[in-house]
Amino acid sequence: MPPKLTLISHLLCPYVQRAVIILQEKQLPYERIDIDLSAKPDWFLRISPLGKTPVLLADEQAIFESSVICEYLDEITGERMHPAAPITRAQHRAWMEFASSALNAIGAMYNAPDAQTLDAKAGELRAKFRQLEAALDSASHAGPYFSGDTFRMVDAAFAPVFRYFDAFDAIADFGIFNEAPRVKTWRSALQRRASVQNAVRSDYPNLLRDFLLRRESELSRLMRRQQLSVQ
């Protein structure tokens, strides 16, 4: 029998989404406990040495860091979500790290203090997705997913990355995917995946929008000007 699983999460954490997607794909029953990261409970700090979400409790034993959680969930269940070939598996894991670097770049973009910095950070993201586009091209990408017809763990890593652009696209045209048509198609395929859709609550778009508005960044100022223009 699989262990009793409890996922400690935050409603907006993209790394939590990775773990939820794997749990959904594996059809594993679990309990989810959402916490406020601005007021972390003492019990959470005792089980999360880095003070970050997600944390997975497996029969009350704590596992932290999303990549480790996802690998653990893959190992305790049947068919693996990584490719069988060691070199391909290693390459997929490397691209999962690239997805984490893209999340860092996204954070820098929505925290950009002025228009010049926002443009620069958007440019960095465009460059990242050009790199990703080249990787898909070199792999003779036949879609709809990263490595073909099979949904892999690397797809679960990128789905939360792409989800941010649902919000960004509604604010302005940053041209992030203009030079990455294969990436754009991949993004659309992930949006249609049930596990990706169910990785967040139905009110996630509003929660994310409120979060972005509170950043007091150039992006939040764009959002406020947009609100005024439609009133």
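Structure: above.
Residues numbered from 1 in each chain as written. Predicted model: local features only at pLDDT ≥ 70, side-chain atom pairs only at ≥ 80, totals over all residues. Heavy atoms only, no water.

**Student:** Report on the overall build of the protein chain, specifying residues and quantitative values.
**Tutor:** Helix and strand counts for the protein chain come out as ten helices and four strands. Along its sequence from the N terminus, the protein chain presents helices and strands in the succession β-α-β-α-β-β-α-α-α-α-α-α-α-α. Relative to a compact globule of 231 residues, whose C-alpha radius of gyration would be 17 Å, the protein chain shows 18 Å and is just as compact. Reported as C-alpha extents along the three principal axes, the dimensions of the protein chain are approximately 55 × 50 × 30 Å. Scored against the burial criterion, the 231 residues of the protein chain give a buried share of 47%. The distance from the centre of the 28 positive side-chain charges to the centre of the 28 negative ones in the protein chain is 1 Å. (Helix = DSSP H or I, 4+ residues; strand = E, 2+ residues; numbered from the N terminus. Rg over C-alpha atoms; globule rule 2.2 N^0.38 Å. Buried < 20%, exposed > 50% of the residue type's maximum accessible area, 1.4 Å probe, protein only. Lys, Arg positive; Asp, Glu negative; His and termini not counted. Charge placed at Lys NZ, Arg CZ, Asp CG, Glu CD.)

**Student:** Tell me about the packing of helix α6 (residues 153-171) against helix α10 (residues 218-229), and please be specific about residues and values.
**Tutor:** Taken N-terminus to C-terminus, the directions of α6 and α10 make an angle of 55 degrees; their axes are 10 Å apart at the nearest point. Compared by their axis directions, α6 and α10 come out oblique. Contacts from Phe-168, Ala-170 and Ile-171 of α6 reach α10 at Leu-219, Leu-222, Met-223 and Gln-226. Class assignment for the residues of the contact of α6 with α10 results in six nonpolar, one polar and no charged. (Axes fitted to C-alpha atoms, helices over the stretch in contact; angles between N-to-C directions. Parallel < 35°, antiparallel > 145°, perpendicular 65-115°, else oblique. Contact = heavy atoms within 4.5 Å. Nonpolar A, V, L, I, M, F, W, Y, C, P; charged D, E, K, R; others polar.)

**Student:** With reference to specific residues and values, describe the side chain of Glu-133.
**Tutor:** Mapped onto the elements, Glu-133 comes out in helix α5 (residues 115-138). This buried residue, Glu-133, is left without a salt bridge; Arg-182 holds the nearest opposite charge, at 4.5 Å. If near-sequence neighbours (up to four positions away) are discounted, Glu-133 is found in contact with Glu-179, Ala-180, Pro-181, Arg-182 and Val-183. (Salt bridge = Lys/Arg side-chain N within 4 Å of Asp/Glu carboxyl O.)

**Student:** Let's hear about the nonpolar core: which residues, and what values?
**Tutor:** Judged by nonpolar contacts, the single largest core of 68 residues is most densely connected at Phe-129, Val-161, Phe-162 and Phe-168. The contact partners of Phe-129, leaving out residues within four places of it in the chain, are Val-161, Phe-162, Phe-165, Ile-176, Phe-177, Ala-180 and Val-183. In this structure, Ile-35, Phe-44, Val-55 and Leu-57 belong to the second largest nonpolar core, which totals five residues. (Core = buried A, V, L, I, M, F, W, Y, C linked by side-chain atoms within 4.5 Å.)

**Student:** Could you give me a rundown of the sheet that holds strand β2 (residues 31-34), with the residues and numbers involved?
**Tutor:** Read across the open sheet, the four strands follow the order β2-β1-β3-β4; overall the sheet is mixed. Edge positions in the sheet fall to β2 and β4 (61-64), since each of these pairs with one other strand and no more. Across the sheet, the mean angle separating the axes of adjacent strands is 25 degrees when strand polarity is ignored. As paired elements, strand β1 (residues 5-9) and β2 share four bridges and run parallel to each other. Each bridged residue has a counterpart across the sheet, and for Leu-7 the counterpart in β2 is Arg-32. Contacting β1 and β2, helix α1 (residues 14-25) crosses the sheet at an angle of about 155 degrees to β1. Strands β1, β3 (55-58) and β4 of the sheet are contacted by helix α3 (residues 66-75), whose axis makes an angle of about 120 degrees with β4. (Pairing = 2+ DSSP bridges.)

**Student:** Describe the packing of aromatic side chains, listing the residues and the values that go with them.
**Tutor:** With the rule as written, the count across this model stands at 17 aromatic pairs. Taken together, a centroid distance of 5.2 Å and an interplanar angle of 80 degrees make the contact between Phe-162 and Trp-186 edge-to-face. Taken together, the residues span a long stretch of sequence, with Phe-162 in helix α6 and Trp-186 in helix α7 (residues 181-192) at a distance of 24 residues. Each member of the pair, Phe-162 as well as Trp-186, carries the same accessibility label: buried. Here the guanidinium or amino end of Lys-128 rests over the ring plane of Phe-98, the centre of that ring lying 4.8 Å away. Directly above the aromatic system of Tyr-204 lies the positively charged group of Arg-163, at a separation of 5.7 Å from the ring centroid. (Phe/Tyr/Trp six-rings, centres within 6.5 Å; stacked < 30°, edge-to-face > 60°. Lys NZ or Arg CZ within 6 Å of the ring centre and 35° of its normal.)

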